[in-house]
Amino acid sequence: MFNVEKIRKDFPILQREVNGKALIYLDNAATSQTPQQVIDAIVDYYTHYNANIHRGVHTLSQEATDKYEAARLTVQKHFNAKEAHEIILTAGTTHGINLVAHGFASILTKGDEVLVSALEHHSNIVPWQMLCEKTGATLKVIPMNTDGELIMADYNQLLSEKTKLVFVNHISNALGTINPIEEIITKAHQVGAAVLVDGAQACPHIKADMQALDVDFYVVSAHKMCGPTGVGMLYGKEEWLNKLPPYQGGGEMIAEVSFEKTTYAGLPHKFEAGTPNICGGIAFGAAIDYMNTIGFEAIDKYEHELLEYATAELLKIENLKIFGTAKNKTSVISFNLEGIHPYDIGTLLDKMGIAVRTGHHCAQPIMSFFNIPGTVRASFAFYNTKAEVDALVSGVKTAQRMLA
Ligand SMILES: *Cc1c(COP(=O)(O)O)cnc(C)c1O
């Protein structure tokens, strides 16, 4: 049984006040909050077995190594990767994308084409632009319609034997659109292109299955799914990870080093140079365990109720426009009030204890498409409530009255 009041007790931060009001946290698409179970894993690490991994023969080092590798297995199982060594523990989504983009610099040549969707976060645009500058490959954009959905007919047109890579997010952080990645992947494979899916915004809502999707690369950040910042996953198919050169040189990623020649370690260590975020990796595993005890089906169902309720209630407000009206979307609502800057609404909401995001959400091309400077974005998690939606709606109305 999904019991939101019981779930809320797991999140100590939800008890705090902001500006004298109970905190209403609706910025989950930027980062999620952390349950006590994950905080406990972090405290336990630093209290009982903080040590460097893989190198030590001493007990603490072995305990830390065991827990870190157990976390990798938790990640593998959750995302249903075939092999544990296909899971690279990274510093997060941005790091994972840059690692792959760096690797493709030695694969792409002039005349090759790479496709990006119009719905991307800057972290899934800029590394590819840098890659194209380096290699002479051409970047092409899959356009979207005014609902914020990718135009699949145009995607089919853009694909050709020149296409080497397609990168697209699973879910847009700015609009909440769920992209048809199954179809995107299948079609890309038909022309021999690899696909990288940015799953940062999907991981708190959807349990993505690497083998069923047959995706080549999939990246997430732990902090979007109840884990800590600075850690994440890069999933890569073994054959692709073997093709890519190492990203950073250093400790842990080598087999043997001499001044004449260095040979690299096997997967996953080839891509894990230096001391990783050990505690973060372990806490990432704890976050996945936590979310699975709630259950992704229950989360999805509950968040959809919140989304539908919030959408209907917000649309009752005069002169309010929602951006991102895809049929298939998650609990993200981007909106503006006519004649009022989103920043001013966000500032007034904060005075009422309500945390929302304002601005371009690291997706300036989407804002340009709609010809707006930015939006107010309310993004809901499974620990939000209908009462909080009501508070948001009433807060927006108050802000509108004050700013009119
Ligand atoms: C948050 C987010 C990112 C960036 O994640 P980092 O943890 O900052 O690296 C990339 N893409 C999408 C869709 C996101 O929501």
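Cut-offs and rules
Per chain, the residues get numbers from 1 upward, laid out in the order the sequence is written. In keeping with the predicted nature of the model, local features appear solely for residues at pLDDT of at least 70, side-chain atom pairs appear and are counted solely at 80 or more, and the whole-chain, interface and lining totals rest on all residues. Side-chain measures here rest on the full set of heavy atoms in the structure, leaving out hydrogens and waters. UniProt positions are given in the numbering used here, feature names are shortened, and annotations may be inferred rather than shown by experiment. To be near a molecule or strand, a residue needs just one of its heavy atoms within 4 Å of it. Distance and chemistry together define a polar contact, namely a pair of N or O atoms within 3.5 Å, with one atom able to donate a hydrogen and the other to accept it when in protein, and with adjacent residues in sequence counting only for side-chain atoms on both sides. Residue burial considers only the protein chains on display, and all accessible areas are found by Shrake-Rupley using a 1.4 Å probe. Ten residues, namely Ala, Val, Leu, Ile, Met, Phe, Trp, Tyr, Cys and Pro, are considered nonpolar, four, namely Asp, Glu, Lys and Arg, are considered charged, and the remaining ones, Gly among them, are considered polar. Secondary structure is summarised from DSSP: a helix means a run of H or I of at least four residues, a strand means a run of E of at least two, and numbering begins at the N terminus for each. Here, expected helix span is obtained from the residue count minus one, scaled by 1.5 Å. Each residue gets one of three labels from its accessible area relative to the maximum for its type: buried under 20%, exposed over 50%, partly exposed in between, using a 1.4 Å probe on protein chains only. Here the arc refers to the directions that run from the helix axis out to each C-beta atom. Every residue pair with non-hydrogen atoms within 4.5 Å of one another is taken to be in contact. One requirement defines pairing of two strands: DSSP has to find at least two bridges between them.

Per an unreviewed UniProt entry, the chain goes by the name Cysteine desulfurase and belongs to Bizionia argentinensis JUB59. You can read under Sequence similarities (unreviewed entry) in the UniProt record for the chain the words "Belongs to the class-V pyridoxal-phosphate-dependent aminotransferase family. Csd subfamily." In UniProt, the chain has this text filed under Catalytic activity (unreviewed entry): "(sulfur carrier)-H + L-cysteine = (sulfur carrier)-SH + L-alanine".

## Some thoughts on the site of the ligand
Looking at the ligand, the residues that line it are Thr93, Thr94, His121, Ser123, Asn173, Asp198, Ala200, Gln201, Ser221, His223 and Lys224. Between Asp198 and the ligand, the recorded distance is 2.6 Å, taken from a side-chain N or O atom to a nitrogen atom. A distance of 2.7 Å is found between an oxygen atom of the ligand and a side-chain nitrogen or oxygen belonging to Lys224. Notes on the ligand: free accessible area 380 Å², of which the protein chains cover 85%. Broken down by class, the residue content of the shell around the ligand amounts to one nonpolar, eight polar and two charged.

## With respect to helix H2 (residues 36-49)
If you check H2, its first and last C-alpha atoms are 19 Å apart, about what 14 residues at 1.5 Å a residue would give, namely 20 Å. Residues of H2 that are buried: Val38, Ala41, Tyr45 and Tyr49. Take H2 and look down its axis: the buried residues cluster within an arc of 65 degrees, on one side only. Within H2, the exposed residues directed more than 90 degrees away from the buried face are Tyr46 and Thr47. The inward-facing, buried residues of H2 contact helix H3 (59-78) and helix H10 (278-294).

## Topic: the pairing of strand E7 (residues 163-169)
Within a regular strand, side chains alternate between the sheet's two faces. In terms of residue burial, E7 counts as a mostly covered element, since six of its seven residues are buried. The pairing of strand E5 (residues 113-117) with E7 spans four bridges and is classified as parallel. By the bridge assignment for E7, Val114 is matched with Leu165. As judged from the five bridges shared by E7 and strand E8 (residues 194-198), these two strands associate in the parallel manner. Paired with Leu165 across the two strands is Ala194, which belongs to E8.

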